[in-house]
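Given next are the chains, with one letter for each unit.
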Amino acid sequence: MKRNNRDSLETARKVTRRGLILGGAQAAFMGALALRMRHLQVEEADKFRLLAEENRIKISLIPPSRGQIFDRNGRILAENAPSYRITMVREDAGDVEAVLGRLAQLIELDPTEMERALSELRSLRGDTQVTIADRVSWEAMSRVAVNAPALPGVTPEVGLSRHYPLGQDMAHVVGYVGPVSDYDLSKIDNPDQLLLTPRFQIGKIGMEAKHEEDLRGKAGIKQVEVNAAGREMRELDRKEGRAGKDFQLTIDHMLQNYCQARLGEESAAAVVMDCESGDLLAIASAPSFDPNLFVRGISTTDYRALTENTYRPLATKSVQGLYPPGSTFKMVTALAGLEEGIITPLDTEYCGGHLEVAGHKFHCWKRAGHGHVNLASSLRESCDVYYYNLALEVGIEKISAMAMRLGIGQKFDIPMSAVATGRAPTKAWKEQSFGKEWVIGDSVNASIGQGFVLASPLQLAVMSARIATGRALVPRLVKSVDGVETSFAAGESLGLNENNLRHVRKAMFDVSNNRRGTAFGSRITAKGMEMAGKTGTSQVRNITAAERRSGVRSNRDLPWERRDHALFVDFAPYDNPKVAVAVVVEHGGGGSTAAAPIARDITLQALYGEDPPLSAYPAKDRGRIAAQQKRLRQARPAPDTDGSGRA
């Protein structure tokens, strides 16, 4: 009996404890509910009253700030400039045409832009923000803001627009942005919502295109409360996006400017490469264009002027242009022969003006011939017959392998548009490309950089740098991203015999510094700054036997498009190479007369970092050079005086 009483008491205590816990939980829940109701009905009363009066929440993307691009010294090459614009949302405007009519009475609207805006307002979703007027003045912005009640759906905004302060100097390297097109969207599987925003800008060519995602950043989101008239009442929430990354290039903007100015009105390209790091200090194509024209959509007139220009200003000739390298290729053939042990530097060949191979005459540029020549004199005086004979012994496979080793036929991974691979042809390549067998005449032509051999100015600069250093230098264009240095390959040894390289370098030195050298007139006379180089002239037409008998017409007597290309490669100083340079002048005629003087001037500018002293030039040229320096200084950008990267 006693045990049953104890069990009953224990059960009663447990029931009471559970009841207390359950009651407390219910009281807590009711208290929290009461507090929440008080918060909604008292503290948030105004907010929900506004919502009840036909207000609503609009969610908008916050475009990120696009990353900036700088040169190696911190000078701004691509920046974001404030831009005032007027936008409209169709479903907030109601009667679109009536609202636009009232807007036209307040500010000047471009008819073409109005047509585009109306088309977008009709075709896009009703809640899409469409730009009605861009780059408007502050006064126009103020008039629209003051008259906001009469302009439902219309919003004056401050945005950012891309600007290229150095204009034409960096157009082919940095590239430009422009409005997203249907073609752009067709190349993207799952486009970012930002890209669907009308008139949103993305990179089209150059750095801007190659690093588009990094430069673009990530959009943020904001929630804005608007009333029934579409007017923004207040911002409810904001989630910031991520700004685009900043890029620093290896380019020296002052040297780049000098290259562009020195190339002048020629259709030409120049590349300057650091022999220690592989950094591209300048990479110029001429003529150039103003990338700012493309930012808002280039006019038909301006675009036609660019596309119809015979000199092709839109082409990035420095990396995209492929040219027969002509006699600048002779170092490749020479090294192939030396490395295979087929020739020694002292072996000679006789040049009588031509070599007959398989019933065909292959001519030397010097009609009377050079007589007996060895490695040094053949490069110094650019004898063709010496290399014809060498090719017959070495063979195209060895020549092609050496070309690849020195950078020709390689596609270098730099963020510029349409970087070309070039061509170091082989027997298999011809069979695959044309279904034809390689013939001995193909090897003869290739030995002097003609026939199937093609190289870009970038590849020729790499070739010169590799010969100068004996290392497999790789060109680098991006120095750092968001302040973090990018990796670069100092370049392992090419594995070439140093004595063979030394003989080729000495012969290149004689090209510029021996009185019989083809570039003696363009030598550097400053002690310790002497350059080693090689001229090249590549034919773009066949010279008939009849023309040879009657006399080959000079380039100046031919139409521009039928003249030979002029080339020159060099490295300097000879004893301690710091820079390698390649210059190609399309249809410029002779390499010694058209390309070598430009390359010499660019090389000196790169070595000194400013206008070199006149004593660095041959005495006979100093008056002309002084006038040239004065003229080119006028084209230079203002110095960066405050460290901001701006003039």
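Just above, that's the structure.
Residues numbered from 1 in each chain as written. Predicted model: local features only at pLDDT ≥ 70, side-chain atom pairs only at ≥ 80, totals over all residues. Heavy atoms only, no water.

In this section: the pairing of strand β15 (residues 360-363). The sheet contact formed by strand β14 (residues 354-357) and β15 spans four bridges and is antiparallel. Opposite L355, over in β15, you have F362 as the bridge partner. Following β14, the chain reverses through two residues before pairing antiparallel with β15; A358 in that reversal takes a positive phi of roughly 50°. (Pairing = 2+ DSSP bridges. Helix = DSSP H or I, 4+ residues; strand = E, 2+ residues; numbered from the N terminus.)

This next bit is on the side chain of K534. The residue K534 is located in strand β19 (residues 532-538) in this model. Buried within the structure, K534 lacks any salt-bridge partner; D384 is the closest side chain of opposite charge, at an N-O distance of 7.5 Å. In this structure the side chain of K534 is engaged in a polar contact, spanning 3.5 Å, whose partner is the side chain of T535. With near-sequence residues (within four places) excluded, K534 lies in contact with S327, T328, K330, M331, L379, S382, V511, L567, F568 and V569. (Buried < 20%, exposed > 50% of the residue type's maximum accessible area, 1.4 Å probe, protein only. Lys, Arg positive; Asp, Glu negative; His and termini not counted. Salt bridge = Lys/Arg side-chain N within 4 Å of Asp/Glu carboxyl O. Polar contact = N/O pair within 3.5 Å; in protein donor to acceptor, adjacent residues only side chain to side chain. Contact = heavy atoms within 4.5 Å.)

Here we take up unusual backbone geometry. Note that the residue after A286, namely P287, is joined by a cis bond; omega there is -5°. Here A572 and P573 are connected by a cis peptide whose omega angle stands at -15°. Unusually for a residue other than glycine, A418 sits at a positive phi of about 55°. With relative accessibility at 45%, the residue A418 sits in the partly exposed group.

What follows covers the sheet that holds β19. The five strands are arranged β12-β11-β21-β20-β19 in an open sheet whose pairing can be described as antiparallel. Two strands close off the open sheet at either side, each with one partner strand: β12 (280-286) and β19. Pairs of neighbouring strands in the sheet enclose a mean axial angle of 5°, with direction left out of account. The sheet contact formed by β19 and strand β20 (residues 565-572) spans seven bridges and is antiparallel. Bridge pairing links S538 to H565 in β20. Sitting on the sheet, helix α11 (residues 253-263) is in contact with β11 (268-274) and β12, with an inclination near 30° to β12. The sheet strands contacting helix α22 (residues 591-608) are β11, β19, β20 and β21 (579-585), and the helix crosses β21 at an angle near 145°. (Axes fitted to C-alpha atoms, helices over the stretch in contact; angles between N-to-C directions.)

What follows concerns the pairing of β11. Burial analysis of β11 places seven of its seven residues in the buried class, the great majority of the element. The alternating pattern of β11 places A268, A270, V272 and D274 and A269, V271 and M273 on opposite faces, both of which are buried. Direction of pairing for β11 relative to β12: antiparallel, over a ladder of six bridges. Bridged to V271 within β12 is I283. A loop of five residues connects β11 with β12, the two strands running antiparallel in sequence, and G278 in this loop sits at a positive phi of about 85°. Pairing of β11 with β21 involves seven bridges; the strand directions are antiparallel. Bridge pairing in β21 places V271 opposite A582.

On to the packing of aromatic side chains, then. Following the criterion strictly, the structure yields 13 aromatic pairs and no others. With a centroid separation of 5.5 Å and an interplanar angle of 55°, the aromatic rings of Y84 and W138 are classed as tilted. You can see Y84 sitting in strand β3 (residues 76-89) and its partner W138 sitting in helix α6 (residues 138-146), a full 54 residues away along the chain. Of the residues examined, Y84 reaches a relative accessible area of 27% and is grouped as partly exposed. A centroid spacing of 6.5 Å and a plane angle of 25° characterise the contact between F571 and Y574, whose relative ring orientation is stacked. The rings of W429, F434, W438 and F452 are connected pair by pair, giving a single aromatic cluster. For the cation-ring pair, R523 lies above F520, with the distance from its terminal atom to the ring centre recorded as 3.9 Å. (Phe/Tyr/Trp six-rings, centres within 6.5 Å; stacked < 30°, edge-to-face > 60°. Lys NZ or Arg CZ within 6 Å of the ring centre and 35° of its normal.)

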